[in-house]
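Structural features, examined
Here is how the chains run, residue by residue.
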Amino acid sequence: MGKVTGFMEYERLEEGYEPTTKRLKNYKEFVIGLKPEESKVQAARCMDCGTPFCNSGCPVNNVIPDFNDLVYRGDWQNAITVLHSTNNFPEFTGRICPAPCEAACTLNVNADAVGIKSIEHAIIDRAWDEGWVKPQIAAHKTGKTVAVVGSGPAGMAAAQQLARAGHSVTVFEKNDRVGGLLRYGIPDFKMEKSHIDRRVKQMEAEGVVFRTSVLVGEMPKGSKVTNWAKETVSAEQLKAEFDAVLLAGGSEQSRDLPVPGRDLDGVHFAMEFLPQQNKVNAGDKLKGQLRADGKHVVVIGGGDTGSDCVGTSNRHGAASVVQFELMPMPPEVEDRPLTWPYWPIKLRTSSSHEEGCQREFAIATKEFLGEKGKLTGVKTVRLEWQGGKMTEVPGSEQVLKADMALLAMGFVNPVATMLDAFGVDKDARGNARASVDLVGGYKTNVDKVFAAGDVRRGQSLVVWAIREGRQAARAVDEFLLGSSKLPR
């Protein structure tokens, strides 16, 4: 593929960032993508490796060597055709996917992987600029109707595929705008929401109907899950009005931290904090917005959501930001012979960390401390890990000053009341029970009700949600018509 000796001649080239001093002043994207010639050189590094492990490392099975070769040869229009054949929304994954394909790259065995994500980013951005991304309107309508519950990447991918197969698709979203956690979970500085908006316009032109601010079923009392619905519809109503229903909501129930002081003012879920800023960025006025201005912020949880809290807090003007991780600090360089081609455990420093953050590993929160009902500090203890078991280090307790604590420890399951409303069986983790078998895949125990994405497999990556949405669309198409021409 590309230039046979390219991997020996050229080095990996990373995308650039705007200076921290500039990007902290706003919420705009700050990644500087590769120029066409830089993308060509990066694509030239793709090896003729015989077995492209990158394809299987990518959850949507992008045909990576092929679009790399096309970019190398300057055939960008066919490159986007190849990319779109497996991925409905490469502008999402090209920005926020952690790129498991690069971990699986054959070159990554003993050198730097091909910059696959940066090439994908360059392809889709050029495709939009050149006007190559157009509605694909079905030539014939089937007369079948499908309701998709949830407008995140799984719901969007499924809806687009089903509309292109000729079905009449309606997407229900409880919040006021389309996108799910893409819209109200990921900060704008990582992905501006204009990328969602133009896909929505494309999908509407393809016949998809979006009904926002509509809650399907009901929310549990006292739920902290973001819900800006203005009307509700029942599960029974959807089952009666549509030929098939696909549940594609997120795993939105945040993991809590039941320690003393949890009810103090100043302790919040990350998913209370992040969606509010996105809503304000969209131009909405929001009373009582949670802000970190001048505060000492403790972010509990070392993953991407925690990193997003760090970046948002710094843009608010926090006095300090500390991020906790329960696990010990991973190695800076992975053991490639041990882990390749799988996703390695290694220290990952995000752009938000680089903007300003103290990171603490092997640390646990014992108690939230406060005065007059307000958070003033976090009591912690150091941890020791042996044989996969955690023990507290005697005498290591300390108190950190904190005005705000953000719980970013992941998500445990989808909102149970929505699944209960449909009568869908749940697995041991509280997710919708549905297999991914080739025949009858993604179907729940309830007639004509399917489930895909985080609601089925649990908290995961955007690229996994797109994969599940595409595969579920094929399963629904087969259910409605007896066979399907949609790609699996």
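Refer to the structure above for everything that follows.
Presented here is an overview of the structure given in this document. Here the structure is a predicted model, which means the values were calculated and not measured. (Residues numbered from 1 in each chain as written. Predicted model: local features only at pLDDT ≥ 70, side-chain atom pairs only at ≥ 80, totals over all residues. Heavy atoms only, no water.)

**Description of the sheet that holds strand 5 (residues 209-212)**
Condition: Each pair of strands is called paired provided DSSP finds at least two bridges between the two strands. Labels follow the DSSP assignment, with helices taken as runs of H or I lasting at least four residues and strands as runs of E lasting at least two, numbered in each case from the N terminus. All axes here are fitted lines through C-alpha atoms, helices being fitted over the stretch that makes contact, and every angle between N-to-C directions spans 0 to 180 degrees.
If you trace the five strands from one edge of the open sheet to the other, you get 5-4-3-8-20, paired in parallel fashion. Two strands bound the open sheet, and with one partner strand each, they are strand 5 and strand 20 (449-451). Between one strand axis and the next, the sheet turns through 20 degrees on average, direction left out of account. As defined by bridge partners, strand 3 (residues 145-149) adjoins strand 8 (residues 244-247) across four bridges and the pair is classed as parallel. Within the sheet, the bridge partner assigned to Ala-147 lies in strand 8 and is Val-245.

**Observations concerning the pairing of strand 8**
What counts here: Each residue is placed in one exposure class: buried if its accessible area under a 1.4 Å probe, protein chains only, is under 20% of its type's maximum, exposed if it is over 50%, and partly exposed if it falls in between.
Judged by which residues are buried, strand 8 turns out to be covered on both faces: Ala-244 and Leu-246 on one side and Val-245 and Leu-247 on the other are all buried. Pairing between strand 8 and strand 20: three bridges, direction parallel. Note that in strand 20 the partner of Leu-247 across the bridge is Ala-451.

**Comments concerning the environment of Thr-349**
Just so we agree on the cut-off: Contacts are assigned to residue pairs that have any heavy atoms within 4.5 Å of one another. Pairs of N or O atoms within 3.5 Å make up the polar contacts considered here, provided that, within protein, one atom can donate a hydrogen while the other can accept it, and that residues adjacent in sequence are counted only when both atoms are side-chain atoms.
Among the secondary structure elements, Thr-349 is positioned in the loop between helix 16 (336-339) and helix 17 (351-354). For Thr-349 and Gly-302, which are 47 residues apart along the polypeptide, the C-alpha to C-alpha distance reads 10 Å. Among all residues touching Thr-349, those that are not within four sequence positions of it are Glu-354 and Arg-359. At 3.3 Å, the side chain of Thr-349 forms a polar contact with the side chain of Arg-359.

**Thoughts on the sheet that holds strand 18 (residues 404-407)**
A sheet is described by the order of its strands in space; here five strands give the open sequence 10-18-11-12-13, paired in parallel fashion. The outermost strands of the open sheet, each flanked by one partner alone, are strand 10 (267-269) and strand 13 (358-361). Ignoring which end each strand starts from, the neighbouring axes of this sheet average 20 degrees apart. Sheet topology places strand 11 (residues 296-300) next to strand 18; four bridges connect them, and they run parallel. What sits directly across from Ile-300, in strand 18, is Leu-407. Those strands touched by helix 14 (residues 270-281) are strand 10 and strand 18, and its axis lies near 70 degrees from that of strand 10. Along the sheet face, helix 15 (residues 304-316) touches strand 11, strand 12 (320-325) and strand 18 and points at about 175 degrees away from the line of strand 12.

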